[in-house]
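The primary structure of each chain is shown beneath.
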Amino acid sequence: MDLQYKFPEGFWWGSATSATQIEGAANEEGKGKNIWDYWYSIESNRFFENIGPEITSDFYHKYEEDIKLMKEIGHNSFRLSISWSRLIPGGRGNINLEAVKFYNNVIDQLLANDIEPILNLFHFDMPLELQNEGGWENREVVEAYKVYASECFRLFGDRVKTWFTFNEPIVPVEGGYLYNFHYPNVVDFKRAAQVAYNTILAHVKAVESFRTFNIEKGKIGIILNLTPSYPRSQNSADLEAANIADLFFNRSFLDPAVLGQYPQELICILEKYGQLPITQKEDLELIKNNTVDLLGVNYYQPRRVKAKENLPNPYSPFMPEWFFDNYEMPGRKMNPYRGWEIYEKGIYDIMINLKKNYGNIESFVSENGLGVENEERFIKDSYIQDDYRIEFIKEHLKWLHKAIEKECNVKGYHLWTFMDNWSWTNAYKNRYGFVSVDINTKKRTFKKSAYWFKEIANNNGF
Ligand code: GAL
């Protein structure tokens, strides 16, 4: 077949998800509580239409059916996360054997269907008991995570080759400690910086442990939501604003994870404003020696910034926004449901940046997708005809293909997400899946994009 966009041999076609967003069974078979179970129990009004994480898509009971559907639409890989509070209720101590059985079944079922399981260890879901000890602010929680990660390598590393330590580790920092959209709803930059730093420590300790298992063909990485910062203009004040936004939101994790060190400029800013986290001497060596093998790139939207119009109030809490204003570019293309700009070329710019400044590290698009409200409007012949999603994926893939032509080291594309799932405080507001899920009956139905994706996965291009 004559394809305009042919992808490299062995390219990963699939989708991504996370434990809390699909498993359900939140109080079943020994699972402990995590911060989402708890936050919902005390403040259900913070969640869209008051829907919490207890049932979600019920993957815990329906995984066999779901994996069959993945197979049917041509998946050769699938990323999911392990729920720490399910595997080790309370965060440390005894392993929950029911959880081991469940994750073993899922892994085996994926492999039996020729779908490579990609496991992520942490997707926003801190066990409640550990959050009560201070969560990532506490170095003892870092140690507990290292034990948890090692248990996962031991239990599942015989079959799972590709591992990730964290998904979007900056999001719990932003949500939990700066902008109040995750528990514990703190607004305090210095504590946020400690959380970010300790997360990197947890990450490198997991990488260090991973190496001791000598998993054949095993690779470990981190998944980052890289949001390119575009300046309003080439004026030096706009450029500097974009540079600082990039330091705070991208390089704060990208540099230590891939290059093994923090950007000096970021350290200087935090030092100047008295916001540096507490560190220990030996940490630096650990960060330097445990860089990743591969990078997951989640890309949804760009960040556009401009120089500040007004000086920040020096008595207000220190924030990254002291250094830039967000810029609403006239004519930008928007996803009105999620309020995010759609800028397909961003995916190309990210990959070129990784090639130029990060040693062309092996990477893949680990999340990209389009959240849409009330998709039932688009039902025709009993299924959702989501041509807008097909268009969205296609345009991103064209830019990704261009990056590959420029020799960027990109190994795959995963949509967020396989089936409609529970999206944190947005609950079921926006739907992202290839498969729609009736939130009452849990019935699964392919959308048009699922049939389309099957074609491109089978042809390795379009
Ligand atoms: C990402 C996140 C996912 C999912 C998605 C869509 O940032 O990793 O968990 O919720 O956004 O909103």
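For the structure itself, look to the data block above.
Fair warning: this is a prediction, and the values are worked out from it, not measured in the lab. (Residues numbered from 1 in each chain as written. Predicted model: local features only at pLDDT ≥ 70, side-chain atom pairs only at ≥ 80, totals over all residues. Heavy atoms only, no water.)

Side note on the overall build of the protein
Line of reasoning, step 1. Broken down by element type, the protein carries 15 helices and 17 strands.
Line of reasoning, step 2. Against the compact-globule benchmark of 23 Å for 462 residues, the protein has a radius of gyration of 21 Å, which places it among compact chains.
Line of reasoning, step 3. Seen along its three principal axes, the alpha-carbon backbone of the protein occupies a region of about 60 × 55 × 45 Å.
Line of reasoning, step 4. Looking at the 462 residues of the protein, the share that counts as buried comes to 60%.
Line of reasoning, step 5. Across the protein, the fraction of contacts at a sequence separation of at least 24, relative to all contacts at a separation of at least 6, is 77%.
Line of reasoning, step 6. With an accessible surface of roughly 18700 Å², the protein has 48% of that area assigned to carbon and sulfur atoms.
Line of reasoning, step 7. Charge centroids of the protein, computed over 53 positive and 63 negative side chains, lie 2 Å from each other. (Helix = DSSP H or I, 4+ residues; strand = E, 2+ residues; numbered from the N terminus. Rg over C-alpha atoms; globule rule 2.2 N^0.38 Å. Buried < 20%, exposed > 50% of the residue type's maximum accessible area, 1.4 Å probe, protein only. Contact = heavy atoms within 4.5 Å. Areas by Shrake-Rupley, 256 points an atom, 1.4 Å probe, with all protein chains shown as cover. Lys, Arg positive; Asp, Glu negative; His and termini not counted. Charge placed at Lys NZ, Arg CZ, Asp CG, Glu CD.)

With respect to the packing of aromatic side chains
Aromatic ring pairs are defined here through the distance separating the ring centres and the angle between the ring planes.
Line of reasoning, step 1. Evaluated as defined, the whole model comprises 55 aromatic pairs.
Line of reasoning, step 2. With centroids separated by 6.2 Å and ring planes inclined at 75°, the aromatic side chains of F249 and F324 adopt a geometry described as edge-to-face. Here F324 lies in the loop between strand 8 (303–306) and strand 9 (325–326) and F249 lies in helix 10 (residues 236–259), a separation of 75 residues in the sequence.
Line of reasoning, step 3. A relative accessible area of 7% places F249 in the buried class. (Phe/Tyr/Trp six-rings, centres within 6.5 Å; stacked < 30°, edge-to-face > 60°.)

Some thoughts on the pairing of strand 7 (residues 294–298)
Line of reasoning, step 1. For strand 7, the tally of buried residues reaches five of five residues, placing the bulk of the element in the interior.
Line of reasoning, step 2. Both faces of strand 7 are covered, namely the face carrying L294, G296 and N298 and the face carrying L295 and V297.
Line of reasoning, step 3. Strand direction decides the pairing type here: strand 5 (residues 219–225) and strand 7, joined by five bridges, are parallel. Bridge pairing in strand 7 links L224 to V297.
Line of reasoning, step 4. Relative to strand 12 (residues 362–367), strand 7 is paired through five bridges, and the arrangement is parallel. What sits directly across from V297, in strand 12, is V365. (Pairing = 2+ DSSP bridges.)

Structural notes on helix 14 (residues 387–405)
Line of reasoning, step 1. Relative to the 27 Å expected for 19 residues at 1.5 Å per residue, helix 14 spans 27 Å between its end C-alpha atoms, a close match to the ideal helical length.
Line of reasoning, step 2. Listed in full, the buried residues belonging to helix 14 are R389, I390, F392, I393, H396, L397, L400, H401, A403 and I404. Angularly, the buried residues of helix 14 cover 165° about the axis, an arc narrow enough to put them on a single face.
Line of reasoning, step 3. Residues of helix 14 that are buried make contact with strand 1 (12–16), helix 13 (345–357), strand 12, strand 15 (410–416) and helix 15 (448–459).
Line of reasoning, step 4. At the C-terminal side of helix 14, E407 shows a positive phi close to 70°. (Expected span 1.5 Å × (residues − 1). Arc of directions from axis to C-beta.)

Brief notes about the side chain of R444
Line of reasoning, step 1. Its location among the elements puts R444 in strand 17 (residues 444–446).
Line of reasoning, step 2. Taking relative accessible area as the criterion, R444 reaches 10% and is therefore assigned buried.
Line of reasoning, step 3. There is a polar contact of 2.7 Å between the side chain of R444 and the backbone oxygen of S57. (Polar contact = N/O pair within 3.5 Å; in protein donor to acceptor, adjacent residues only side chain to side chain.)

Observations concerning the layout of surface pockets
Line of reasoning, step 1. The computed volume of the largest pocket comes to approximately 1100 Å³.
Line of reasoning, step 2. Lining the largest pocket we find 38 residues, and of these E174, F181, Q301, R338 and W340 sit closest to its centre.
Line of reasoning, step 3. Approximately 630 Å³ is the volume attributed to the second largest pocket.
Line of reasoning, step 4. Residue assignment for the lining of the second largest pocket shows that the elements contributing at least two residues are helix 8 (170–177), helix 9 (189–212), helix 10, helix 11 (264–272) and helix 12 (283–289).
Line of reasoning, step 5. Element by element, the count of residues in the lining of the second largest pocket is highest for helix 9, at five residues. (1 Å grid on protein atoms, 1.4 Å probe; cavity = no way out; pocket = protein on both sides within 12 Å on 5 of 7 lines; lining within 4 Å. Points joined across faces, edges and corners; volume = space filled by probe spheres on them.)

Interpretation note: all reported values are geometric properties and have no functional meaning in isolation.
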